[in-house]
Amino acid sequence: MRVHQAYRYALDPTPEQARMLASHCGAARFAFNWALARVKAAMDQRAAEQSYGIADEVLTEVPWSLYSLRRTWNAAKDTIAPWWADNSKEAYNTGLDGVARALKNWVASRNGTRAGKKIGFPRFTSKHRAAPSCRFTTGTIRVEADRRHVTLPRLGTLRTHESTRKLARHLQRRTGRILAATVRCERGRWFVAFTCEIDRTDRTPTKPDAVVGVDLGVKNLAVLSTGEVIANPRHHRSALKRLRRLNRQLARRVGPRTPGGARGEASARWAKAKAGLGKAHARVANQRRDGLHRLTTRLAATYGTVVIEDLNVSGMLANRTLARAVADAGMAEVRRQLSYKTEWGGGRLVVADRWYPSSKTCSGCGAVKAKLALSEREYACAGCGLVLDRDLNAARNLAALAAGVAQSRGETVNARGGAVSPVVRARLAPVKRELPSGRTLPRQRGSSLVRTEKH
């Protein structure tokens, strides 16, 4: 199976290399802002000409694609950026490509051809808000034989904080090739991410015929239909005392903003306090990411079919009472990781419909309760007398849901042209549920039991 995969490594650059990295990222930001200003000026000029009744064929041309933006940049770079030769051409191409992609996404969002929330017109980037980043697609991009250094265009050889053996093995066996490299500064530390094309060997889960239902939550991170309970480590809550102390310390320093709102010169102690706060946040994020990767890798490598719910995580984050706990759990990240790990591991992921009443349904007799308060942590069935933990009951219902899906649809061929195990979205017949106003939800149209989710 040929997939696109990224390998990310922390860097230990020398002070001179760190300055070069910052210079390349600053050049990318400069090119982005310049190209966006050029596009906006051309659009305003074109709108003014149209108001005067000028013919369309003689209107000002707006540089929109990457090709036109690059051509415009090459014509003006000697005037607007006489220092452009100090950095690689890939730095400026990064900024121009960012503008072209942003404009393309904005048009697609306006036309309704882009999924997700509506996005607005691109905005200028600031070095105070945006993370410094630069992408290399041409030139010398390689992993050194000692597996502790990488080489990038104009930057030379940089030492990595960890071994690059995983990527080096693919390159030595010729089962992978590097497509691009992106350097990025996060929380005061530099990273390099290699986008690669990897030939992965076909794998089979340890239990290919086993089905597991996974009920995600806040009290427990996950409850499996097998009865296993994965506790929620609550990394953010554990670090909250330290984060509050660092925030108070930062507030006492002289920052870049005066009490009146004007921009000033930040003190060195403010910069040091900000770096400490960023490091504490990065530690929490790394702990959460590591735990979720361990969980999803084990599930994808063990079970042939994994069933989860289509949770409205963005809606739960709008609840100010639950937002912090939901964000700390990382439910959306679990689904994102399972979506590709099950495909790589030879299994499949079944996503239950958002309105499937997994918690209200009895896993013993199938009876559905009209109401089930969130405070009721045990499910008690009035029909068969089953008394079970609420989350375990939901996980068993999710596992049972996969049986009908497996019989109704097998493996499919996705849009990329390869025979892979699909990510399946299961939709059961809608059940009657009560709304706060007393109304009931309308019946869903269509008789299809399952459909393939695009990803």
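Procedures and definitions
Residues numbered from 1 in each chain as written. Predicted model: local features only at pLDDT ≥ 70, side-chain atom pairs only at ≥ 80, totals over all residues. Heavy atoms only, no water. Salt bridge = Lys/Arg side-chain N within 4 Å of Asp/Glu carboxyl O. Buried < 20%, exposed > 50% of the residue type's maximum accessible area, 1.4 Å probe, protein only. Helix = DSSP H or I, 4+ residues; strand = E, 2+ residues; numbered from the N terminus. Pairing = 2+ DSSP bridges. Core = buried A, V, L, I, M, F, W, Y, C linked by side-chain atoms within 4.5 Å. Contact = heavy atoms within 4.5 Å. Axes fitted to C-alpha atoms, helices over the stretch in contact; angles between N-to-C directions. Phe/Tyr/Trp six-rings, centres within 6.5 Å; stacked < 30°, edge-to-face > 60°. Lys NZ or Arg CZ within 6 Å of the ring centre and 35° of its normal. pLDDT = per-residue confidence, 0-100.

**A closer look at the pattern of salt bridges**
(1) Moving on: For the structure shown, the criterion picks out 17 salt bridges.
(2) Moving on: When the shortest N-O distance is used, the salt bridge between Arg142 and Glu144 registers 2.9 Å.
(3) Moving on: With relative accessibility at 41%, the residue Arg142 sits in the partly exposed group.
(4) Moving on: Across the pair Arg354 and Asp310 runs a salt bridge, and its minimum N-O distance is 3.6 Å. A residue pair is termed long-range when its members are at least 10 positions apart, and Arg354 in the loop between strand S12 (348–352) and strand S13 (378–380) and Asp310 in the loop between strand S11 (303–309) and helix H8 (313–317) qualify at 44 residues.
(5) Moving on: The class of Arg354 is partly exposed, set by a relative accessible area of 40%.
(6) Moving on: The network of salt bridges with shared partners includes Arg8, Arg184 and Glu186.

**Overview of the sheet that holds strand S3 (residues 142–143)**
(1) Moving on: Sheet architecture is open: three strands sit in the order S3-S4-S5, paired in antiparallel fashion. Two strands bound the open sheet, and with one partner strand each, they are S3 and strand S5 (156–159).

**Describing the nonpolar core**
A general tendency of soluble globular proteins is for nonpolar side chains to be buried together.
(1) Moving on: Residues Leu152, Leu167, Val192 and Phe194 are the most contacted members of the largest nonpolar core, which totals 45 residues.
(2) Moving on: Broken down by element, the residue count for this core peaks at ten residues, all from helix H1 (residues 15–51).
(3) Moving on: The contact partners of Phe194, leaving out residues within four places of it in the chain, are Gln5, Ala6, Tyr7, Tyr9, Ile141, Val143, Val150, Leu152, Leu167, Ile178, Ala180 and Ala181.
(4) Moving on: Judged by nonpolar contacts, the second largest core, of 22 residues, contains Tyr303, Ile308, Met331 and Val351.

**With respect to the environment of Trp106**
(1) Moving on: Locating Trp106 in the fold gives a position in helix H3 (residues 89–111).
(2) Moving on: On the basis of relative accessible area, Trp106 is assigned to the buried category, the value being 13%.
(3) Moving on: Note: C-alpha distance between Trp106 and Ile119 (13 residues apart in sequence) is 6.0 Å.

**Looking at the sheet that holds strand S7 (residues 189–199)**
Within a sheet, neighbouring strands are paired by backbone hydrogen bonds and run either parallel or antiparallel to one another.
(1) Moving on: Spatially, the four strands line up as an open sheet ordered S1-S7-S6-S2, and their pairing is antiparallel. The open sheet has two free edges, formed respectively by strand S1 (2–10) and strand S2 (133–136), since each of these has just one partner strand. Each adjacent strand pair in this sheet contributes to an overall mean axis angle of 20 degrees, direction not counted.
(2) Moving on: Bridging between S2 and strand S6 (residues 176–186) involves four bridges; their strand directions are antiparallel.

**Let's talk about the pairing of strand S9 (residues 220–224)**
(1) Moving on: Burial analysis of S9 places five of its five residues in the buried class, the great majority of the element.
(2) Moving on: Of the strand pairs in this sheet, strand S8 (residues 207–216) and S9 are connected by three bridges, and their pairing is antiparallel. Residue Leu216 lies in a different strand from S9, and its bridge partner there is Ala222.
(3) Moving on: Counted along the chain from S8 to the antiparallel partner S9, the turn is three residues long.
(4) Moving on: Bridge count for S9 against strand S10 (residues 229–231) is three bridges, and the pairing is antiparallel. Each residue of the ladder has a partner; that of Ala222, found in S10, is Ile230.
(5) Moving on: From the end of S9 to the start of S10, which pair antiparallel, there are four residues, and Gly227 there has a positive phi angle of about 100 degrees.

**Looking at the packing of aromatic side chains**
(1) Moving on: Per the stated rule, a full pass over the model turns up nine aromatic pairs.
(2) Moving on: Measuring from centroid to centroid gives 6.4 Å for Trp83 and Tyr92, while their planes differ by 40 degrees, and the two rings are tilted.
(3) Moving on: Of the residues examined, Tyr92 reaches a relative accessible area of 2% and is grouped as buried.
(4) Moving on: Every member of this aromatic cluster is reached through a ring pair, and the members are Phe30, Trp34, Trp73, Trp83 and Tyr92.
(5) Moving on: Above the ring of Trp84, the side-chain terminus of Lys77 is found at 3.8 Å from the ring centroid.
(6) Moving on: Directly above the aromatic system of Tyr379 lies the positively charged group of Lys369, at a separation of 4.8 Å from the ring centroid.

**Notes on the confidence of the model for the chain**
(1) Moving on: Confidence along the chain averages 86 in pLDDT terms, with 89% of residues attaining 70 or more.
(2) Moving on: Low pLDDT (under 50) marks residues 406–422, which in the prediction has 30 contacts with non-local residues, meaning those over four places away or in another chain.
(3) Moving on: In this model residues 427–455 is a low-confidence stretch, pLDDT under 50, and it forms 46 contacts with partners more than four residues away in sequence or in other chains.

**What to know about the side chain of His235**
(1) Moving on: Of note, His235 is situated in helix H5 (residues 235–238).
(2) Moving on: By relative accessible area, which is 18% here, His235 ends up buried.

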